[in-house]
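The residues making up each chain are set out below.
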Amino acid sequence: MTVRWAAPGRVTLIGEHVDYQDGLVLPFALSQRTTAVVERRAGGEVVVRSRGQENSFPVATSPGAVEGWAAYVAGVVWALREYRVDVPGLSIDLDSDVPVGAGLSSSAALGCAVAAALDDELRLELSPTALATIARRAENDYVGAPTGAMDQMASMLGESGHALLLDCRDLSTRQVPFDLSAAGLTLLVIDTHAEHSNVGGAYADRRSDCETAAAGLGLSTLRDARLADLPRITDAVHRRRAQHVVSEIARVQEVAAILDAGRPVDIGAQLSASHLSLRDDFEVSCDELDEAVDAALAAGALGARMTGGGFGGCAIALVRDNDVPAVEQRVQAAYDRRGWRAADIFAATPSRGAHRVD
Ligand code: ADP
Ligand code: MG
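Presented here is a report on the structure given in the accompanying data block. Keep in mind the model is a prediction, meaning the values are calculated, not measured.

1. With respect to the site of ligand 1
Close to ligand 1 lie 16 residues, the nearest being S50, G101, G103, S106 and S107. One nitrogen or oxygen atom from the main chain of G101 is found 2.7 Å from an oxygen atom belonging to ligand 1. Contact distances for ligand 1 include 2.6 Å between an oxygen atom and a side-chain N or O atom of S106. For ligand 1, the protein covers 79% of the area, taking 560 Å² as the surface of the free molecule. Spatially, ligand 1 is embedded in the largest pocket. In terms of residue count, helix α2 (residues 106-121) provides more of the shell around ligand 1 than any other element does, three residues in total. Residue composition of the shell around ligand 1, by class: seven nonpolar, seven polar and two charged.

Here you go:
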């Protein structure tokens, strides 16, 4: 039998750099997705194909054995075996239209598509949250990328016309209405193509800054810190990091409440405040992201922010449908003036999470 499953990339609407502090995040699943076609094959090998490349590895794999893109697949097989699943030989064909390495989580789309397809083929009947956890383990413990739970949860659990409010402390979720087209709104994703080299080190530094700040307040994470507590953090840098985390969690709650009230047009101020916080307090932005945000706002965007880990990748801008051409034009003109390669700009549609494709 052949099973075919698709799992999407995601955009973080708001809630950046708070997942590893047990915070609240509000991503949504994109229409761009990765499809995994899975078939059993004789023998103890897994053969994977993607983008004209083929790779294979033994089913009994362990971290370090497979590197490169196939590690994302090997990681899922490994994580399933860690859960005592008896995985047979497999043939896995991948196809994707999620931009790779742009902060839209092509990696989670890949891991979740494979995990969901294997769940179906092997009749495991695991929950979407369990499958997200398996795809996350693949990425954390096999590939070695220290990510939070958000990407895989959004890819598994997204619903069309909704964003997913995720509490990273206990992985509880709630669907929040986010119907852009009904409101005459477009959420533009602006792929800057920028990729600065300090990402990995800076990510680890920010995590440890937050841990130190939380410890100074006698807390295990900043989730339960209040703005009024922050003056007790003596180190000025750690205080600013905490200021971002605490204020960002509050902004996620505000945006969720505004969306619950059916007023997506009114979330712009929170998006833009998130950008300033990431730029000035958390210091994870870069010129290309700042330029995209500033140009979008100057051309009439209701709000704009960097999205993803920072130092490159994508910005998002909430724009009235009528203003889309002006925003696109202004961003590209700004990039042209700086001598940068044109950005890729596309409209994001809140879409459903992993699903079977027949
Ligand atoms: P992002 O998740 O933001 O796109 P990552 O660096 O986390 O960026 O993941 C990108 C990596 O995931 C790629 O370098 C590749 O190894 C793997 N990957 C993602 N999508 C595919 C695909 N369709 N085929 C093969 N590898 C993929
Ligand atoms: Mg990724």
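Moving on from the coordinates now.
2. Comments concerning the side chain of T61
Locating T61 in the fold gives a position in the loop between β4 (53-58) and α1 (70-82). For T61, a relative accessible area of 8% gives the class buried. Within the structure, T61 has its side chain in polar contact with the side chain of Y142 (distance 2.6 Å). Setting aside residues up to four positions removed in sequence, T61 forms contacts with V66, A74, W78 and Y142.

3. With respect to empty space enclosed by the protein
Across all of its chains, the model carries one cavity of 30 Å³ or more by this definition. Of the voids in this model, the largest cavity is the one considered here, and its volume is about 30 Å³. Surrounding the largest cavity, Y72, V76, S107, G111, A135, A138, E139 and V143 form its lining. For the lining of the largest cavity, the secondary structure elements donating two or more residues are α1, α2 and α3 (128-143). For the lining of the largest cavity, the element with the most residues is α3, which contributes four residues. Of the residues contributing to the lining of the largest cavity, the split by class is five nonpolar, two polar and one charged.

4. So, the pairing of β4
As judged from the six bridges shared by strand β3 (residues 45-50) and β4, these two strands associate in the antiparallel manner. Bridge pairing in β4 links E45 to P58. Linking two consecutive strands that pair antiparallel, namely β3 and β4, is a turn of two residues; a positive phi of about 45° is found at R51 within it.

5. A few points about the layout of surface pockets
Empty space within the largest pocket amounts to approximately 1300 Å³. Lining the largest pocket we find 48 residues, and of these G101, G103, S105, S107 and E139 sit closest to its centre. Contributing elements (two or more residues each) for the lining of the largest pocket: β5 (90-96), α2, α3, α4 (150-157), β8 (185-195), α5 (199-216) and β10 (312-320). With five residues, the top contributor of residues to the lining of the largest pocket is α5. When residues are assigned to domains, the lining of the largest pocket turns out to be shared by domain 1 (2-177) and domain 2 (181-348), each giving three or more.

6. Thoughts on the packing of α1 against α2
Relative orientation of the contacting elements α1 and α2 amounts to 45°, with a least axis distance of 9 Å. One finds that α1 runs oblique with respect to α2. For the element pair α1 and α2, the recorded crossing hand is right-handed. Taken together, the residues of α2 that come into contact with α1 (itself represented by Y72, V73, V76, V77 and L80) are S107, L110, G111, V114, A115 and L118. Residue composition of the contact of α1 with α2, grouped by class: nine nonpolar, two polar and no charged.

7. Quick notes on the nonpolar core
Grouped together as the largest cluster of nonpolar side chains are 123 residues, with contacts concentrated most on L13 and L26. Shared between two domains, this core takes at least three residues from each, and those domains are domain 1 (2-177) and domain 2 (181-348).

Reading the values: the criteria
- Residues numbered from 1 in each chain as written.
- Chains lettered and ligands numbered in written order.
- Predicted model: local features only at pLDDT ≥ 70, side-chain atom pairs only at ≥ 80, totals over all residues.
- Heavy atoms only, no water.
- Near = heavy atom within 4 Å.
- Polar contact = N/O pair within 3.5 Å; in protein donor to acceptor, adjacent residues only side chain to side chain.
- Areas by Shrake-Rupley, 256 points an atom, 1.4 Å probe, with all protein chains shown as cover.
- 1 Å grid on protein atoms, 1.4 Å probe; cavity = no way out; pocket = protein on both sides within 12 Å on 5 of 7 lines; lining within 4 Å.
- Sits in = over half its atoms within 2 Å of the grid points.
- Helix = DSSP H or I, 4+ residues; strand = E, 2+ residues; numbered from the N terminus.
- Nonpolar A, V, L, I, M, F, W, Y, C, P; charged D, E, K, R; others polar.
- Buried < 20%, exposed > 50% of the residue type's maximum accessible area, 1.4 Å probe, protein only.
- Contact = heavy atoms within 4.5 Å.
- Points joined across faces, edges and corners; volume = space filled by probe spheres on them.
- Pairing = 2+ DSSP bridges.
- Domains from an automatic or database assignment.
- Axes fitted to C-alpha atoms, helices over the stretch in contact; angles between N-to-C directions.
- Parallel < 35°, antiparallel > 145°, perpendicular 65-115°, else oblique.
- Left-handed = near helix turned anticlockwise from the far one by under 90°.
- Core = buried A, V, L, I, M, F, W, Y, C linked by side-chain atoms within 4.5 Å.

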